[in-house]
Structures are given as C-alpha cells and as structure tokens.
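Fold and geometry: a report
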Amino acid sequence: MDPGCEPLSLPFAFLLSIENMGSTLCLFMSMRFLLLLSSFYPMVADSSSFMQQPLCHDSESSALLQFKQSFSIDGHASGDPSAYPKVAMWKSHGEGEGSDCCSWDGVECDRETGHVIGLHLASSCLYGSINSSNTLFSLVHLRRLDLSDNHFNYSEIPFGVGQLSRLRSLDLSYARFSGQIPSELLALSKLVFLDLSANPMLQLQKPSLRNLVQNFAHLKKLRLSQVNISSTIPHELANLSSLTTLFLRECGLHGEFPMNIFQLPSLKFLSIPQCLANLSKSLSVLDLGSNSLDGPIPQTCTVTNNLRVVDLGENQFQGQIPRSFANCMMLEHLVLRNNQIDDIFPFWLGALPQLQVLILRSNRFHGAIGSWHSNFRFPKLRIVDLSDNKFISDLPSEYFQNWDAMKLTDIANDLRYMQAHPEFQIPGYRWTTSYMYSMTMTNKGMQRFYERIPDIFIAIDFSGNNFNGQIPTSIGNLKGLHLLNLGGNNLTGHIPSSLGDLTQLESLDLSQNQLSGEIPLQLTRITFLAMFNVSHNHLIGPIPQGNQFTTFPNASFDGNPGLCGSPLSRACGSSEASPPTSSSSKQGLTSEFDWKFLLMGYGSGLVIGVSIGYCLTSWKHEWFVKTFGKRQRKWTRKERRGNRG
C-alpha cells in the first residue's frame, strides 16, 4: 500500500490526555457557572425587593378610613345596577390582612412613592353630607377623583376641593350636590377632565362659566349638563384647543353661540347650543337639545364630516332647515322637534343614505309632502314624525310604497339600540364610548320619551296636521311598522283592509278624522295591537270581535254613532246602531202605515183586525214578502258577521 494512503494513527496516550483535558475543562466551566450564579442571586433578590410597591402611608390610610366612616352605605344611593360598596372591605392595621390601603378597592397609589393618587368610588352606595373638614381633602397627592353616582344629600361641593391642586380628573356627576359651585374649584388649573353633570340643584354663576373656562386651559372633556348656568355662552370656549367633549345640555344657556367652537381640531362630542358652520371633521354627535336658542339654524356640513347625530330639539330655532344638511352623508339621526321652523317638507333629505330617524314634530312645516323622487329615496328611514304641523293634501302614498326599510320584519335575537360610537384619544389613553339615540314620540295615546331606541322599532306619526283624502292602501306594504298615528287630520273614505297586513303593529290611531264605512275584519289579525283608536269619525256597523279587539275600551270607539257591538252598550240590531238611510226611511213610512191599519183592526176586535190584516197581506202580498223577508235576511247577515269576528 502506498504509505501516503495509510490512515493517520496517533498514540493512545496522546488521545487519553486530550480526553482528560476536556473533562477537566468541562468541570472547571461548570464550577465557574455555579459560582457566578450564586453571586448573582443576591442581586436578583435585591432587585425584586426594590421593584416591590411601597406600602400606603399611614396618614393617608387613616384619612381614607375616616372618609369611609363619614358616610353610611345605602343600596339606593347609587342608580347603576352594578353598584356595590367599594369601601366595605377597607380595613385598619389592627384588622389583619388587607390593611394596606394601596390594595383597597377603588384606591390607586403611586408605584414609587406609595402616595394615594387616585380614588375611584363611582357607584359605591355612599350616602351622607360632605364638608371641607372631611379627611378626603387631606389627600393632596390625588390626581383622579371619581365620586359620581352616590348620594351626598344635596350638600354643597366643599371649598376644600381647592386643596387638591394636583387633580387632573374630577367626576362629581349624578351625586346630588346643590348650591353654588365654590370659587376654590378654579384653583384646579391642571384639570383635563371635569364632570359635574346631572346635579340640577347645582349652580355655576359666581364663579361663572366664563371664569371656569378661562382657568381650565387644558380641558379635554367638560360636562356640565343639567347644571344651572343661566348665562350667555362664553366665546372663550373656542380657546380650549384640546377639547374633545363638551356637554352643556339643559343649562339655561341663551344668546349667540360662538361659531369657531366648531372648528376645534379635536372636538368629537358636542351637546350645546347654536351655530353649526364649519364643523370639526372629527365631530360625530351634535346635541344642542333642550336649551332656549333662537334665530335661524346656520348652514351646517359645509365641509366633509362624520356627523351621525344632530339634535336641535326643544329650542326656538326659526326659518328653514339649512340645505347644507344634505352634505351630512353619515347622518343617521336628525331631531328638530319643538322649534319654530317654517318650511316645506325637506324631501331632499331623502338623499342621505344612512338617515334612520327624522323627527320634525311641533314646528310650522306646511304644504303638501309632494311626489316621491327616485333620487331622494330615504333608503334606511325607520322612524318619521311629522306630527303637529300644518301639512296638507293627500298622504304620500308613493313614499309608503318605497320606504323599504319599513318593510323589514326581522326580529333580532338580542335587543340592541340605535347608537353612535365616538372614539377619544389623549396621550396614553384611547377609548370608545357609546351615545344612545333618544327621541320623544306619542305612543299608545301618551307622549313618551325614548331614552334608548330599539333598532327594530319602526314608526310613522303624521297626526295633528291637515292631511285629507283617503288612507292609501300602500301603507299596508310597511309590514315592519310598530306604530302608526294618522289621528287629528281630515282623512275621508274607508279604513283600508290592507292595514290588517301590518302584523307587527302595536299602536294604531286613526281618531278625529272623517272616516266612514265599517271597521275591517282584517284588523283582528294584528295580534300585537295594544292600542287602537278610531274615535270621532263616521264609522258604522258592528265592531269586529276576537283577539286584541276584546281588550279595547269604549273610548276607542267614541263619537261614532253608527258603531255597535262590544264594548259599546249599543247592541247590533237596535234602532240606535246606525243612522237610517233614505231607502229605509221610505220603507219605515210604508210599514208604519200598514201597521196602523192592523192596530186599528186590533182596536175593533180580533176578528176584524185579522180580517183587515189578511186583506192587506193578500192585497199587497208581493210587497209584504219583499219588504219583511228581505229585512230578516239583512239582520241575519249582520249577526253572522258579528259572530265571525
């Protein structure tokens, strides 16, 4: 074999020495690792100990316990169904485990200092008065304080609140405070969130809203709805460049509204009065309802926007609806009720692809609804209220034919409500909230406020106008209707039997019109019907019987002398059941004449009377059978009709 091709061979001793060196090296490295690990352990332990949150300060723990003891726990003090007494488990040091206030429910501590920086006691069932001597105001490191939805027994907001100068968030809403808001509140210059809403006995006058706005330059959310302000609207509001939310509903505000508020770059949620031009692109809810605003509604939606809700109801706005509303392509909910708007029907709103609710009640709208336009279809309209205006002419049969969203009868598996979901963002936080759509409508004979609107609810209210002509049969196509109110107009003709196809209907009001004829038997098919009113018309004949019709009171049928049957006291077949026609009057004269002969014969004696009667019936036999035989068959028909109902 060629020596160059022989395998390399090494001495065994050399190989053994290398193996021993490897074992020694491995052992050395293992021991070194264990040594390093043992030396590192105290560092880890020290680090863990360092990162542990410090305990609550004794003085603050004591202050919180005294705060707890100053109130009683009352389940009726909070309105939220999920309310519970968060302070119930707060314990002092002598009561064992859980005495560290930083671990208490509703208490937030600084991770480095251990100071109490947040107190979150919303809906905690607290009841009792509070004053400036309360130990709460010794917690000077507080940044967030939420006492909303408790019952402070209509005490005043204590001036001690001014000592909490580090506060960035203060929520005292729904807390039953009263009296004047203290001027010491103005010292909280770091506030970014202030909510005093839903305290109707609270006053913001000295200091005023202007003083408040001038002192809180960093505000992002300001909620003062249902606080008695009773002033003009300060123009300084437009200087709050960080403002995302502004609620001033039902505050007694009046006067001109500063238009440049709507140009605030971050504004998303608005519930205040007047002037809507150049809205912020981020704004989705514009709620100016229940104030005393007057003058014309300014042009709105002149730029692209995300408006979904516009509520200008319960004011004194005048003039016409701004045509710029047609640019609000995302608009779903438009409420203009109870103003002094003088305009024709805004058919052009039918071009809005998302509009579901249109409330125009109690204004000065006038004229005819007009013809339906294919370009203005109202494709998603589900609720329309035109009541208590001055509309005239025929009901809009073409609209009824083409309001497709009202033809839907699908019932969702779970009850949902119409709402918007605005998003908010501040440094370090981002959240989505819900704004529930609301409205007022007349339902089942009573004016009702819908704090939330079920998304399956479909309604038409055209009552209190001057509509005339007949009720269109096309209204029977709107099979999803739950409410139909056509009362208080001048409608004539018969009640169309097609209304019996509205099987989801719960309330039907046709009262105070000029309707004639009989009540259609087909209406008994509406098994959900809880309210039915056809009073003060010219209806005749038997009232249908069966299903819901057995539950309606007399008042549902009052003012119709021609109606008979239950629940009325007039039985069908009595002379009071229906007014006599001209033909029946003639027949009555003839029969009265013949019966006089019979009675004369009766007076002269039975034989003579029978003889005269026989002569008469023989003499006019054909007429006798025709007259009295036909009348008997007519009564039978009516009785059968009544029984069948």
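Residues numbered from 1 in each chain as written. Predicted model: local features only at pLDDT ≥ 70, side-chain atom pairs only at ≥ 80, totals over all residues. Heavy atoms only, no water.

**Examining the side chain of Asp461**
Rules: A run of H or I in DSSP counts as a helix once it spans at least four residues, and a run of E counts as a strand once it spans at least two, with each numbered from the N terminus. Exposed residues in this analysis have more than 50% of their type's maximum accessible area, buried residues have under 20%, and partly exposed residues fall in between, with area computed by a 1.4 Å probe over protein chains only. A positive count includes Lys and Arg, and a negative count includes Asp and Glu. His and the chain ends are not counted in either. Just to be clear on terms, a salt bridge is a Lys or Arg side-chain nitrogen sitting within 4 Å of an Asp or Glu carboxyl oxygen. Nitrogen and oxygen atoms within 3.5 Å of one another constitute a polar contact, given that in protein one can donate a hydrogen and the other can accept it, and given that sequence-neighbouring residues count only through two side-chain atoms. Between two residues, a contact is recorded if the distance between any of their heavy atoms is within 4.5 Å.
For Asp461, the position within the fold is in strand S29 (residues 459–461). For the buried Asp461, no salt bridge exists, and the shortest N-O distance to an oppositely charged side chain is 4.5 Å, to Arg361. Separated by 2.7 Å, the side chains of Asp461 and Ser463 make a polar contact. Residues contacting Asp461, with those up to four places away along its chain left out, are Val384, Asp385, Leu386, Ser387, Met441, Thr442 and Asn485.

**A few points about the state of the cysteines**
Defined as follows: Here, a disulfide means two cysteine sulfur atoms that sit within 2.5 Å of each other.
The final tally for this structure, using the stated rule, is three disulfides. In this model, Cys102 is linked to Cys109 through a disulfide, with the two sulfur atoms separated by 2.2 Å. Because the torsion about its S-S bond is -95 degrees, the bridge between Cys102 and Cys109 counts as left-handed. Each sulfur in the disulfide pair Cys564 and Cys572 lies 2.1 Å from the other. Disulfide Cys564-Cys572: torsion about the S-S bond near 95 degrees, hence right-handed.

**Brief notes about the pattern of salt bridges**
The full count for this structure, using the stated rule, is 16 salt bridges. The residue Arg416 makes a salt bridge to Asp455 at a minimum N-O spacing of 3.6 Å. Of this pair, Arg416 sits in the loop between helix H4 (397–402) and strand S23 (419–420) while Asp455 sits in the loop between strand S28 (446–450) and S29, and the two are 39 residues apart along the sequence. Here Arg416 falls in the partly exposed class, since its relative accessible area comes to 44%. Connected through shared salt-bridge partners, Arg249, Glu250, Asp287 and Asp311 make up one network.

Interpretation in functional terms is not warranted from these geometric data alone.
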